[in-house]
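Structural characterization, general
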Amino acid sequence: MALPRNLIKPRPKAPGARVTAVLGPTNTGKTYLAIERMMGHPSGMMGFPLRLLARENYDRVAAIKGAEKVALVTGEEKIIPANPSYFLCTVESMPLGREVAFLAIDEVQLAADQDRGHVFTDRILHARGFNETMLLGSDIMVPMIKRLVPDYEFISRPRFSRLSYAGTDKITRLPPRSAVVAFSAAGVYGIAELLRRQRGGAAVVMGALSPRTRNAQVEMFQSGEVDYLVATDAIGMGLNMDVSHVAFGELRKFDGRARRHLTAAELGQIAGRAGRHMADGTFGTTAEAGPLTPELVEAIESHIFEQVQTIYWRNSELPFAHLQALINALEAPAPVPGLVPVRHGPDHLALKALAQETDIAQAAISADRVRLLWEVCQVPDFRGRAGPQHARFLGAVFRRLVVGDALPDDWIARNIDRLDRADGDIETLTGRIDQIRTWTYIAHRADWTRDTAAWQARTRAVEDKLSDALHDRLTQRFVDRRTTALVKGLRGADTLVADVDAEGSVAVEGHVVGRLEGLRFHAAAAEGGGEVARKAMQNAALRALRPEIRTRLRAITDAGSPDLALGGDGTIIWRGAAIARLIAARHPLRPAVRVLASDLLDRHQEDRLRQTLESWIEGTIGRILGPLIAAHRAADDRTLPGPVRGILYQLAEQLGAVPRRAVEGLTRELDAAGRKALARAGARLGTETVFLDRIGERQAVRLRAILWCVWTGLDGAEATERAEEMAGANAGLARRSDWPEAFYRACGYAPLGARAIACPRAEALAALARKLARQGAFSPTRELRRLAGGSIEDLVGILLALGFKAEEGPEGVGFAPGRRRTGPKRKKGAVRRAAPARKRADAASPFAKLRDLKPNSGPDRRGR
């Protein structure tokens, strides 16, 4: 290829230059590292596998160093200022005669590719910067680089994020931000059609697309206009996208020679597109493709693949004395083991075919003509049909160059005019783009045309026109047009307007599309246009609502508790709307927070919101249930006696109240100091219940009920009903047979008979009954009824539950202490001596003596 004279300089010879191989899996920052290193040198050059990559990095370097210092050199595009210092190129187009301080080759594992591998091998062997050379790519190339590049330095780059296998799923069930991979146009189109019907649309990326079309399709995916991407293995390199999941729709491909299974390294290169920078990614297969073997999964997840042992090579020291000498040199054997000679390259086959034509063979009689013929044979066939048709076209180019030293303008114009049409379907437009790209390549040969700049502009204009038309056809076929229009409008300047009124109603362009409740959007029912139209309006609304969501998140984190409330079912409510809910964690007093799913929140926002809400609920529990939190902490205080810590532990575990019988063994072990410690902690040793004082207010009871429901997994309307009923109990309420005793005690209520009574009041009632019983059988008094609440029948049930028994007397029914059901038998005639009340009030009281007595009626001690 002839290049401008300002690029032709002696090829660098720097035997002492440093060569660094930076190898590792995808998403390791290799290219970023090389760009940074290059810009630290006074001059540099990088060779990329794709024109798209070269252009992307050219824009990046030019923005930093200035356009006057940076050149872009590809087969179809050249931007070369007067005195460039940095060159961003495709590997084939690198101006190796230019001496630079730094030189890098990207994706060196492509040296194992049958079609282009020999070019990468040549660069690995011969391209050098006089200060530093970098070879970037997969670590499967380690053996070959060791063998071919002496004195190299190896740098391993680990992947930034984790890549894990997600199994097999139907295409219609794949998560948003997924890329589905197929290896034929028919496969890509079929999957895209299915996603259009079921999910509103998909972007399409194939190697046959022009860079402009490919960029436009990728932008649809990146912008969120569509949530799915269908692609060939063209996404395996050069396309950095926000893909969370890669699904293989096929596991076999036609490689130009045969249909074969993809290798683990090829699968890993494609799967590695999932997850970007620090974001983890997943990969899997569709149901149609079937699952991956465990061995493949392990290789892809661990990024350990079979090492490359051979790469492709072709002689680059070519003689041009005569045609046969050139052909013989191209078919020369490889100089060292591990290099596989390429003898079927498209340019090589074209040369051999043209050499058989008499007029061409007779024209190529000088070194210049042989060189010219070889350069013509290197004109790429973007249609991928390196056969007789392309060879005939190359022969026509050569003949015209021989006759006139330049291609005739009228011949170029006729061929380009034939392609300058934007009508036709996807296949027709793709074919035209392939052909115009060939003419774009020719237009950049300054020595082949008379008005190079004009033809470059013309071919670029036609390629752009066809690329835009192809993008529109792909969008029409695989994306609902209304969806596209809405989301494109959102990307424009005030094209679409979204409003949220005080009631949360969301309108796009004046049409109500749903409601914003808290941090979640609820789409309105579609009124015409079907599911796709509804999804279009929803996507537009979701995109427009992101600024509003950021505002609301700031309000939640900045304002804090005043706008937050806890629902009876454990939901966290912000300004009347549920935004999260409590879930059980390691302890009833330490619930976790689960943010309610919302398409409007990204992972970072969700994590920050959860942390804010966890801090809020911890503060709320500490403020309302302070004594309970203190007991929980004291249970871990090693300075306290064991029985004290044991009782406090059970009180914290049961949310503030436990049956006396459950801790009887611990209470027997308490000494005076232990009882004082419990008293300081707010614990009361009742005869029926051991409980914490000062947590019986309405809001404390409600919170205890909520925490119990969260801990036991009860939610919904039933949890709300329990929490609100207990909050309004006012010291006593009728028991429900389907509510367990543990729930009542967790709320600070003692279940007795048909009633549940606040623990302090239950103890007062029991104490009064014991006082009356000391004088003999007694009848229910007004004070007993006041403490019990409810009816006289309820009081009878409570007294029976406390262990008293009903007796018939001359003045009617009365109550007297019942008998012990358990305990050692006394000797006949023996009289039991009661302990002094001031020393063992709980043991001496009738209530204490009778607490294990089975009631005569009503529920037993376990609520049965």
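The text that follows walks through the structure, step by step, so that each part is easy to find. (Residues numbered from 1 in each chain as written. Predicted model: local features only at pLDDT ≥ 70, side-chain atom pairs only at ≥ 80, totals over all residues. Heavy atoms only, no water.)

What follows concerns the overall build of the protein chain. Of the regular secondary structure elements, the protein chain holds 32 helices and 34 strands. Taking the contacts inside the protein chain whose residues are at least 6 apart along the sequence as the reference set, 67% of them involve residues at least 24 apart. Split by element, the accessible area of the protein chain, about 39200 Å² in all, is 50% carbon and sulfur. (Helix = DSSP H or I, 4+ residues; strand = E, 2+ residues; numbered from the N terminus. Contact = heavy atoms within 4.5 Å. Areas by Shrake-Rupley, 256 points an atom, 1.4 Å probe, with all protein chains shown as cover.)

The N-to-C vectors of helix α15 (residues 426–443) and helix α16 (residues 452–478) enclose an angle of 160°; their axes lie 9 Å apart at closest approach. For the element pair α15 / α16, the angle class is roughly antiparallel. Taken as a pair, α15 and α16 cross one another with a handedness that is left-handed. A per-class count over the contact of α15 with α16 returns 13 nonpolar, six polar and seven charged. (Axes fitted to C-alpha atoms, helices over the stretch in contact; angles between N-to-C directions. Parallel < 35°, antiparallel > 145°, perpendicular 65-115°, else oblique. Left-handed = near helix turned anticlockwise from the far one by under 90°. Nonpolar A, V, L, I, M, F, W, Y, C, P; charged D, E, K, R; others polar.)

Attention shifts here to helix α8 (residues 294–302). Residues Val297, Ala299 and Ile300 constitute the buried set of α8. Down the axis of α8, the buried side of the element spans an arc of 165°, and every buried residue falls inside it. The exposed set on the far side of α8, more than 90 degrees from its buried face, consists of Pro294, Glu295 and Glu298. The inward-facing, buried residues of α8 contact β9 (163–169), α7 (264–271) and β16 (281–286). His303 sits one or two residues past α8 and shows a positive phi near 60°. (Buried < 20%, exposed > 50% of the residue type's maximum accessible area, 1.4 Å probe, protein only. Arc of directions from axis to C-beta.)

This part covers helix α22 (residues 642–653). Here α22 spans 16 Å end to end across twelve residues, near enough to the 16 Å set by a 1.5 Å rise per residue. Among the residues of α22, Pro643, Val644, Arg645, Ile647, Leu648, Leu651 and Ala652 are the ones counted as buried. Positive phi shows up at Leu655, right after α22, with a value of about 65°. (Expected span 1.5 Å × (residues − 1).)

Moving on, we come to the packing of aromatic side chains. In the structure shown here, the tally under the stated rule is ten aromatic pairs. Aromatic rings pair up to connect Trp708, Trp739, Phe743 and Tyr744 into one cluster. Taking NZ or CZ as reference, Arg477 lies 4.9 Å from the ring centre of Tyr189, over its face. (Phe/Tyr/Trp six-rings, centres within 6.5 Å; stacked < 30°, edge-to-face > 60°. Lys NZ or Arg CZ within 6 Å of the ring centre and 35° of its normal.)

So, about the sheet that holds strand β31 (residues 749–752). The strand order β30-β32-β31 describes an open sheet built from three strands, whose pairing is antiparallel. Sheet topology places β30 (732–734) and β31 at the edges, where each strand pairs with a single neighbour. Neighbour-to-neighbour, the strand axes of the sheet open up by a mean angle of 20°, direction not taken into account. Pairing geometry for β31 and strand β32 (residues 755–758), over four bridges, is antiparallel. Bridge pairing in β32 links Tyr749 to Ala758. (Pairing = 2+ DSSP bridges.)

Let us now look at the sheet that holds strand β11 (residues 203–205). The six strands are arranged β9-β16-β13-β10-β12-β11 in an open sheet whose pairing can be described as parallel. Each end of this open sheet is capped by a strand with a single partner; those strands are β9 and β11. The mean inter-strand angle of the sheet, taken between neighbouring strand axes irrespective of direction, is 25°. Across four bridges, strand β13 (residues 245–248) lies against β16 in parallel orientation. Considered in β16, the bridge of Val246 is made with Phe283. Lying over the sheet, helix α6 (residues 211–223) contacts β10 (178–181), β11 and β12 (228–231), oriented at roughly 140° with respect to β11. Across the sheet, α7 is in contact with β9, β10, β13 and β16; its angle to β13 comes to roughly 140°.

Moving on, we come to the pattern of salt bridges. The tally for this structure, following the rule as stated, stands at 41 salt bridges. Between Arg37 and Glu132 there is a salt bridge, with the nearest N and O atoms lying 2.6 Å from each other. One end of the pair, Arg37, is in helix α1 (residues 30–39); the other, Glu132, is in strand β7 (residues 132–137), and 95 residues separate them in sequence. On the basis of relative accessible area, Arg37 is assigned to the partly exposed category, the value being 32%. When its relative accessible area of 2% is taken as the criterion, Glu132 is described as buried. Residues joined in a network through salt bridges with shared partners are Arg51, Glu76, Arg437 and Glu463. (Salt bridge = Lys/Arg side-chain N within 4 Å of Asp/Glu carboxyl O.)

Locating Ser223 in the fold gives a position in helix α6. Assessed through its relative accessible area of 8%, Ser223 is described here as buried. In terms of polar contacts, Ser223 uses its side chain to reach the backbone carbonyl oxygen of Met220, at 3.1 Å. (Polar contact = N/O pair within 3.5 Å; in protein donor to acceptor, adjacent residues only side chain to side chain.)

In terms of nonpolar packing, the biggest core is built from 74 residues, with Ile572, Leu625 and Tyr749 touching the most fellow members. When residues of this core are assigned to their parent elements, the largest contribution, nine residues, is made by helix α25 (residues 698–712). Residue contacts for Tyr749: discarding those within four places in its chain leaves Val701, Met726, Ala729, Asn730, Ala731, Gly732, Leu733, Tyr744, Ala756, Ile757, Ala758 and Cys759. Counting 66 residues, the second-largest nonpolar core is a separate cluster that includes Ala192, Leu318, Leu394 and Leu429. (Core = buried A, V, L, I, M, F, W, Y, C linked by side-chain atoms within 4.5 Å.)

One can find Thr74 in the loop between β3 (70–73) and β4 (78–79). Setting aside residues up to four positions removed in sequence, Thr74 forms contacts with Arg51, Ala54, Thr90 and Ser93.

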